[in-house]
Amino acid sequence: MSAQDVEDFLLQNRAAADRVETYRGYWESDKHWEPRREFILRNISDFEGEHLDQLLSLSMVWANNVFMGCRYSAELLEKVTEMAEGIEVEDAPVFKTRDEIMKQQQVSV
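Residues numbered from 1 in each chain as written. Predicted model: local features only at pLDDT ≥ 70, side-chain atom pairs only at ≥ 80, totals over all residues. Heavy atoms only, no water.

- Looking at an unreviewed UniProt entry, the chain carries the name XRN2-binding (XTBD) domain-containing protein, with the source organism given as Gouania willdenowi.
- In the Sequence similarities (unreviewed entry) part of its UniProt record, the chain is described as follows: "Belongs to the CARF family." (UniProt positions renumbered as here; feature names shortened; annotations may be inferred.)

**Some words on the pattern of salt bridges**
- Inspection of every chain in the model, using the stated rule, returns five salt bridges.
- For Glu21, the salt bridge is made with Arg37, and the minimal N-O distance between the two is 3.4 Å. You can see Glu21 sitting in helix α2 (residues 14-21) and its partner Arg37 sitting in helix α3 (residues 30-43), a full 16 residues away along the chain.
- Judged by its relative accessible area of 9%, Arg37 falls in the buried class.
- Among the salt bridges present, the one from Arg24 reaches Asp30, with a minimum N-O distance of 2.8 Å.
- On the basis of relative accessible area, Arg24 is assigned to the partly exposed category, the value being 28%. (Salt bridge = Lys/Arg side-chain N within 4 Å of Asp/Glu carboxyl O. Helix = DSSP H or I, 4+ residues; strand = E, 2+ residues; numbered from the N terminus. Buried < 20%, exposed > 50% of the residue type's maximum accessible area, 1.4 Å probe, protein only.)

**Details of the packing of aromatic side chains**
- In this structure the tally under the stated criterion is two aromatic pairs.
- Relative to Trp62, the ring of Phe39 lies with its centre 5.5 Å away and its plane at 20°, an arrangement referred to as stacked. Of this pair, Phe39 sits in helix α3 while Trp62 is found in helix α4 (residues 52-68), placing the two residues 23 residues apart along the sequence.
- Look at Phe39 and you get buried, because its relative accessible area is 0%.
- The exposure class of Trp62 is buried, given its relative accessible area of 7%. (Phe/Tyr/Trp six-rings, centres within 6.5 Å; stacked < 30°, edge-to-face > 60°.)

See below:
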């Protein structure tokens, strides 16, 4: 599902679009919300009903990792990365770990 597919789906399914919009945090910019919305829409059929909170939590884990560099267990990151496969994020920041920064400084000395 591409970004255009998401927009087409939302235009054809107003009720679903309105429902998904309610999951947007007031702090989320369009740049953060649009990929997270796509994450939710791609996976919502696997988390209907009482499991929806789990999907919303996983979408936040993915967004926090992509946009803020938050780190989680390898198993969790593998799961959300698989769930987000194919989602294109424009201008995503690139984060370096402390170890990467220290290694780079040692090489340049």
